[in-house]
Amino acid sequence: MMNKVYDITYAKKASGSKFLELCARIENGLENIVICSKLVDVDGSEFQMYTFNGKNIKVSNDYEVDAVYLESEIDLSALF
């Protein structure tokens, strides 16, 4: 389970292309990031999990919330 969580909304509408863009930004912006599981919900929502220095990062393309966002145990605002 995550400790302190930083939330960043990347797009105010769910979008497969924005989700991939956000994942690429994180993967390219953090050396030694570990790409973990990717989950796809029945409604098409996508969730990509990462770990970085023992901390969890979750990127969501959530059709129920209708947004692309991330939840992270580390502050990633410098990537944006």
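The following paragraphs examine the structure supplied in this document. Here the structure is a predicted model, which is why all the values come from computation and not from measurement.

### Section: the nonpolar core
(1) Moving on: Of all hydrophobic cores here, the largest spans 17 residues; its most connected members are I26, I57 and V59.
(2) Moving on: Counting only elements with at least two residues in this core, the list comes to strand 1 (6–11), helix 1 (16–29), strand 3 (46–52), strand 4 (55–62) and strand 5 (67–72).
(3) Moving on: Sort the elements by how many residues they give to this core and helix 1 lands first, with 4 residues.
(4) Moving on: In this view, V59 contacts F19, L22, C23, I26, E46, F47, Q48, Y50, Y69 and L70; residues no more than four positions away in its chain are not counted.

### Remarks on the state of the cysteines
(1) Moving on: Under the definition given, this model contains 0 disulfides.
(2) Moving on: C23 takes part in no disulfide bond, and the closest cysteine sulfur, belonging to C36, lies 12 Å away.
(3) Moving on: Assessed through its relative accessible area of 6%, C23 is described here as buried.
(4) Moving on: Judged by relative accessible area, which is 34%, C36 ranks as partly exposed.

### Describing the pattern of salt bridges
(1) Moving on: In total, this model carries 4 salt bridges according to the counting rule given.
(2) Moving on: Here D66 makes a salt bridge to K13, at a shortest N to O gap of 3.5 Å. Here K13 lies in the loop between strand 1 and helix 1 and D66 lies in the loop between strand 4 and strand 5, a separation of 53 residues in the sequence.
(3) Moving on: What makes K13 exposed here is its relative accessible area of 54%.

### Looking at the sheet that holds strand 2 (residues 34–40)
(1) Moving on: Strand order across the open sheet formed by 5 strands is 1-5-4-3-2, with antiparallel pairing between neighbours. Both edges of this open sheet fall to strand 1 and strand 2, since each of them pairs with a single strand only. Averaged over all neighbouring strand pairs, the angle between strand axes comes to 15°, with direction disregarded.
(2) Moving on: Strand direction decides the pairing type here: strand 3 and strand 4, joined by 7 bridges, are antiparallel. Residue E46 lies in a different strand from strand 4, and its bridge partner there is N61.

Conventions we followed
Residues numbered from 1 in each chain as written. Predicted model: local features only at pLDDT ≥ 70, side-chain atom pairs only at ≥ 80, totals over all residues. Heavy atoms only, no water. Core = buried A, V, L, I, M, F, W, Y, C linked by side-chain atoms within 4.5 Å. Buried < 20%, exposed > 50% of the residue type's maximum accessible area, 1.4 Å probe, protein only. Helix = DSSP H or I, 4+ residues; strand = E, 2+ residues; numbered from the N terminus. Contact = heavy atoms within 4.5 Å. Disulfide = S-S within 2.5 Å. Salt bridge = Lys/Arg side-chain N within 4 Å of Asp/Glu carboxyl O. Pairing = 2+ DSSP bridges. Axes fitted to C-alpha atoms, helices over the stretch in contact; angles between N-to-C directions.

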